[in-house]
Amino acid sequence: MSVVLLKESRKDLIINQVNLHTRITLTELASTLNVSEDTIRRDINDLAEEGKLIKIRGGAMSKAYHYSSQPVESYAHESKRIIAEKAVTLLKDGMLVLMGGGTTIREFIKLIPDELKATFLTVNPLTAVELLDKPNLEIIMIGGPISRYSQMAVGGDVYQRLSEVRVDLCIMGTNALDAKEGLTDSNWETVQAKKAMIRASDKVAILAISEKMNSVMSMKVADLREIDYLVTELSATSSMLAPYQGGKTQVL
C-alpha cells in the first residue's frame, strides 16, 4: 500500500513540475524527486496514457501548451491573465515586436487591442496562428525545423534571420528565472533560439509567474541585466521581487 501511495505522490509532483515549467526533462525530474530516470520514464508513460501530460523525447510537456482542437486551461491561468494585462501596456502603434510562445504568451495575445497597428515576428507557429485573430497586425513567421521540445523554429537559418533584424521589443516566457543565474532552460536548441531573439531586440520583456522565480535549469539563456522588463502577477513592491530590483530590469 505504501508503494502505491509513494508512486501516486510522485506522479502528482511530476504533474506539478510539468505544469509549472511547461516542459521538463527526465534528468531534471529525476534530480528533483531523487529517483532514477527509468522510474520517471515509467511514471511519465503512465501519466501520458492517463491523458494528464504530453510525453516528448527526453521528458514531458504540459497539455495546456500542446496544440489541440479542445483547448485546456493553462496552469495558474488567473496569474497569467494578470501578467498579460500588465505586459500589453508595453505595446505601441508602429512597433516591430518579436514574440516567443507558451501559455502566458497565449493570454497576452488575447488582450492585444484589435485596433493596434504593428508588425509581429515570431519563431513559434502557434503564436503566428493565434496572432491572426488581430485584424491590424502584420505577422511574419521566421521558419525552420520545429523543436518538439519548445515548438519553436530552431537552427542556423532561424538564427541568421534573427541576426538581420532589429526589433523594438521582444516578449517571451521562461522556464526558470533566478536573480543570480538569470534565465535558464534545459534544451540546447531552444536556448540558442532565445539567445538569438534577445540579441535581435532593443528591449526584452520576460513574462513569468512567480512560481518560476528562484528556480534554475541546466543551460543559461541570459543574465538578468539583459532583461529590460520582468512582468509577474505580483505587485512590483512585493518582497519576493526585491532581489530582482535595483538593476537595469524594470519590474512590472
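Note that this is a predicted model, so its numbers are computed, not measured.

Caption draft 1: Structural context of the overall build of the chain. Looking only at helices and strands, the chain has eight helices and 13 strands in total. A globule of 252 residues ought to have a C-alpha radius of gyration of about 18 Å, and the chain, at 18 Å, matches this closely. The principal-axis extents of the C-alpha atoms in the chain amount to approximately 60 × 40 × 30 Å. Taking all 252 residues of the chain together, the buried fraction comes to 53%.

Caption draft 2: Focus on the domain arrangement of the chain. We note that the domain assignment places domain 1 (7-65) and domain 2 (77-251) within the chain. Computed from C-alpha coordinates alone, the two centres of domain 1 and domain 2 are separated by 24 Å. At the junction of the two partners, domain 1 supplies 11 residues and domain 2 supplies 19 residues. Taken together, both faces of the contact between domain 1 and domain 2 bury some 1,300 Å²; the carbon and sulfur share is 48%. Scanning the region where domain 1 abuts domain 2 turns up zero salt bridges. There are one residue pair in polar contact (both at pLDDT 80 or more) connecting domain 1 and domain 2. Looking at the side of domain 1 that touches domain 2, the elements that each hand over two or more residues are α1 (2-21) and β1 (23-25). The greatest single-element share of the side of domain 1 that touches domain 2, amounting to three residues, is contributed by β1. By residue class, the composition of the side of domain 1 that touches domain 2 is six nonpolar, three polar and two charged.

Conventions and cut-offs
- Residues numbered from 1 in each chain as written.
- Predicted model: local features only at pLDDT ≥ 70, side-chain atom pairs only at ≥ 80, totals over all residues.
- Heavy atoms only, no water.
- Helix = DSSP H or I, 4+ residues; strand = E, 2+ residues; numbered from the N terminus.
- Rg over C-alpha atoms; globule rule 2.2 N^0.38 Å.
- Buried < 20%, exposed > 50% of the residue type's maximum accessible area, 1.4 Å probe, protein only.
- Domains from an automatic or database assignment.
- Contact = heavy atoms within 4.5 Å.
- Buried area = accessible area lost by both parts, 1.4 Å probe.
- Salt bridge = Lys/Arg side-chain N within 4 Å of Asp/Glu carboxyl O.
- Polar contact = N/O pair within 3.5 Å; in protein donor to acceptor, adjacent residues only side chain to side chain.
- Nonpolar A, V, L, I, M, F, W, Y, C, P; charged D, E, K, R; others polar.

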